[in-house]
Amino acid sequence: MGWLWAIIVGFVLGIIAKAIIPGKQHSPLWLTTIFGMLGAVVGNAVARGFGVAATSGIDWWRHLFQLVAAIIIVAVGDAAYVAVRGNRRRERA
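First, a word on scope: everything that follows refers to the structure included in this document. Predicted model only: the values in this text are computed from it and were never measured.

Topic: the packing of aromatic side chains
Okay, so step 1: Applying the stated criterion across every chain yields a total of two aromatic pairs.
Okay, so step 2: The interplanar angle of 10 degrees and the centroid separation of 5.3 Å between the aromatic rings of Phe-50 and Phe-65 together place this pair among those described as stacked. Highlighted residues: Phe-50 in helix α2 (residues 29-50) and Phe-65 in helix α3 (residues 60-92), separated in sequence by 15 residues.
Okay, so step 3: Judged by its relative accessible area of 59%, Phe-50 falls in the exposed class.
Okay, so step 4: A ring pair is formed by Trp-61 and Phe-65, whose centres lie 6.4 Å apart and whose planes are at 40 degrees; its orientation type is tilted. Of this pair, Trp-61 and Phe-65 are both found in helix α3, four residues apart, which corresponds to roughly one turn of the helix.
Okay, so step 5: A relative accessible area of 55% means that Trp-61 is categorised as exposed.
Okay, so step 6: An aromatic cluster is present here, built from Phe-50, Trp-61 and Phe-65 joined pairwise through their rings.

Thoughts on the pattern of salt bridges
Okay, so step 1: Taken as a whole and judged by the stated rule, the model has one salt bridge.
Okay, so step 2: For the salt bridge of Asp-59 with Arg-62, the shortest nitrogen-to-oxygen distance reads 3.2 Å.

Reading the values: the criteria
Residues numbered from 1 in each chain as written. Predicted model: local features only at pLDDT ≥ 70, side-chain atom pairs only at ≥ 80, totals over all residues. Heavy atoms only, no water. Phe/Tyr/Trp six-rings, centres within 6.5 Å; stacked < 30°, edge-to-face > 60°. Helix = DSSP H or I, 4+ residues; strand = E, 2+ residues; numbered from the N terminus. Buried < 20%, exposed > 50% of the residue type's maximum accessible area, 1.4 Å probe, protein only. Salt bridge = Lys/Arg side-chain N within 4 Å of Asp/Glu carboxyl O.

Below, the structure is given as structure tokens:
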């Protein structure tokens, strides 16, 4: 059940990050989901570092850290994806 939640949270975070980042992102949905999952893991680690990983009620700070991490990872990952995909297209031509 833990993997299912990780995929769902990663999917949601990835989609929200894509919506926030200006411009068009070219990475496919499965890669965006993986980037979102990585953002959740990194955001949880940062929240633990700041001491806000577990609070009473909804963990707004933890979710904010997750979203910021997902935005950064989606932006960097998409740029890397375009760079790699662009090089492959040039090699084929």
